[in-house]
Amino acid sequence: MTAHSIRDANLIDVRRFTSLGAANHGWLDAHHHFSFGSYRDLGRMGWGSILVWNDDKIAPNTGFPPHPHSDMEIITYVRSGAITHEDSMGNKGRTEAGDVQVMSAASGIRHAEYNVEADATTLFQIWIEPTSRGGAPAWGAKPFPKGDRAGRWSVLASGFADASPEDRDALPIRTDARVLGATLKAGDVLTHEVGAGRHAYLVPALGRLDLDGTTVNARDGVALGAGSYTIRALEEAEIVLVDAA
């Protein structure tokens, strides 16, 4: 948490990509928007229920071997290449660039994520606290054609299945949050309103934005407090935003 309060109107806290925590393991080049692993920053211990946003580059024919998780909603947004998933529930799947997979770790699950492609895979992995602990783990993936979110927000994952048809069509997550995506041409404008007591975090996967007069570059992160925001693409852009409790 920064020194700002969530009560601040139109809080825009930009975390430049160059300021993120970083760890290069050879096979994995990782950048952390929030404290993770050996990276510790008391000013970046999470934003509301959003605890992790990792920007990962995974070398070909490498990946994360089987390892456990519990009581966490884990969303993976593939930026380029593809990631192949296997877990202890017997789920298997390959998620390509622009598509999304979610895993509700719940009472406990082991999973592996591999890049079996010929080229590097890049992705965002986002962890959000669930609204309740335990339950049966689950995994799912879904394609989200970029044309369907051209110039508008598309709900990629949602914990509000009863809110709208778009929420029902999104991948389900067990938390009071939505994961939104959009693709913009230069000059396109979007708005987003963060409700009172809510926390939003926005990262351009590609492109440069103007956010209420603040320039945001590709792979910068922006923590947003309650308020209404106007986002204008300064060049062709691809945006991911999480709005959470």
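Residues numbered from 1 in each chain as written. Predicted model: local features only at pLDDT ≥ 70, side-chain atom pairs only at ≥ 80, totals over all residues. Heavy atoms only, no water.

Visitor: Please provide a residue-by-residue account of the environment of Glu113, values included.
Guide: Tracing the backbone shows Glu113 in strand β10 (residues 109–115). Note: C-alpha distance between Glu113 and Glu86 (27 residues apart in sequence) is 6.7 Å. Beyond its immediate chain neighbours, meaning those up to four positions away, Glu113 contacts Gly63, Phe64, Ile83, Thr84, His85 and Gln101. Here the side chain of Glu113 touches His85 through a polar contact of 2.7 Å, side chain to side chain. Side chain to side chain, Glu113 and His111 meet in a polar contact 2.8 Å long. (Helix = DSSP H or I, 4+ residues; strand = E, 2+ residues; numbered from the N terminus. Contact = heavy atoms within 4.5 Å. Polar contact = N/O pair within 3.5 Å; in protein donor to acceptor, adjacent residues only side chain to side chain.)

Visitor: Requested: an account of the pairing of strand β16 (residues 189–194), with residues and values cited.
Guide: Residues in a regular strand point their side chains to alternate faces of the sheet. Here β16 shows one buried face, formed by Leu190, His192 and Val194, and one open face, formed by Val189, Thr191 and Glu193. In this structure, β16 lies alongside strand β21 (residues 227–233), joined through six bridges in antiparallel fashion. Note that in β21 the partner of His192 across the bridge is Tyr229. (Buried < 20%, exposed > 50% of the residue type's maximum accessible area, 1.4 Å probe, protein only. Pairing = 2+ DSSP bridges.)

Visitor: Describe the environment of Leu156, naming the residues involved and giving the relevant values.
Guide: By secondary structure assignment, the location of Leu156 is in strand β13 (residues 154–158). For Leu156 and Ala196, which are 40 residues apart along the polypeptide, the C-alpha to C-alpha distance reads 22 Å. Here Leu156 is in contact with Tyr77, Val100, Phe144, Arg149, Ala170, Leu171, Val179, Leu180 and Gly181, once residues within four sequence places are set aside.

Visitor: So, the packing of aromatic side chains: which residues are in play, and what are the values?
Guide: Taken as a whole, this structure holds six aromatic pairs when the rule is applied. Centroid distance Trp27 to Phe64: 5.1 Å. Interplanar angle 75 degrees. Geometry classified as edge-to-face. Highlighted residues: Trp27 in the loop between β2 (21–24) and β3 (28–32) and Phe64 in strand β5 (residues 62–69), separated in sequence by 37 residues. Measuring from centroid to centroid gives 5.4 Å for Phe36 and Trp127, while their planes differ by 85 degrees, and the two rings are edge-to-face. With Phe36 in the loop between β3 and β4 (50–58) and Trp127 in strand β11 (residues 121–128), this residue pair connects regions lying 91 residues apart in the sequence. One aromatic cluster is present, formed by Phe34, Trp53, Tyr77, Phe124 and Tyr201 through successive ring pairs. (Phe/Tyr/Trp six-rings, centres within 6.5 Å; stacked < 30°, edge-to-face > 60°.)

Visitor: I'd like a description of the sheet that holds β5, backed by residues and values.
Guide: If you walk across this open sheet you meet the four strands as β5-β10-β7-β8, and the pairing is antiparallel. Unpaired on one side and paired on the other, β5 and β8 (92–96) mark the two borders of the sheet. Each strand of the sheet is rotated relative to its neighbour by a mean of 20 degrees, with strand direction disregarded. With five bridges joining them, strand β7 (residues 82–87) and β8 adopt antiparallel strand pairing. Its bridge partner being in β8, Ile83 is matched across the sheet by Thr95. (Axes fitted to C-alpha atoms, helices over the stretch in contact; angles between N-to-C directions.)

Visitor: Give a detailed account of the sheet that holds strand β22 (residues 237–244), specifying residues and quantitative values.
Guide: What links the strands of a sheet is backbone hydrogen bonding, and the strands pair in either a parallel or an antiparallel sense. An order of β1-β20-β17-β22-β15-β13-β14 is seen for the seven strands of this open sheet, with the pairing classed as mixed. In this open sheet, the two strands that pair with only one neighbour each are β1 (12–15) and β14 (171–172). Pairing of strand β17 (residues 199–206) with strand β20 (residues 221–224) involves three bridges; the strand directions are antiparallel. Counterpart to Leu202 in the pairing with β20 is Val222.

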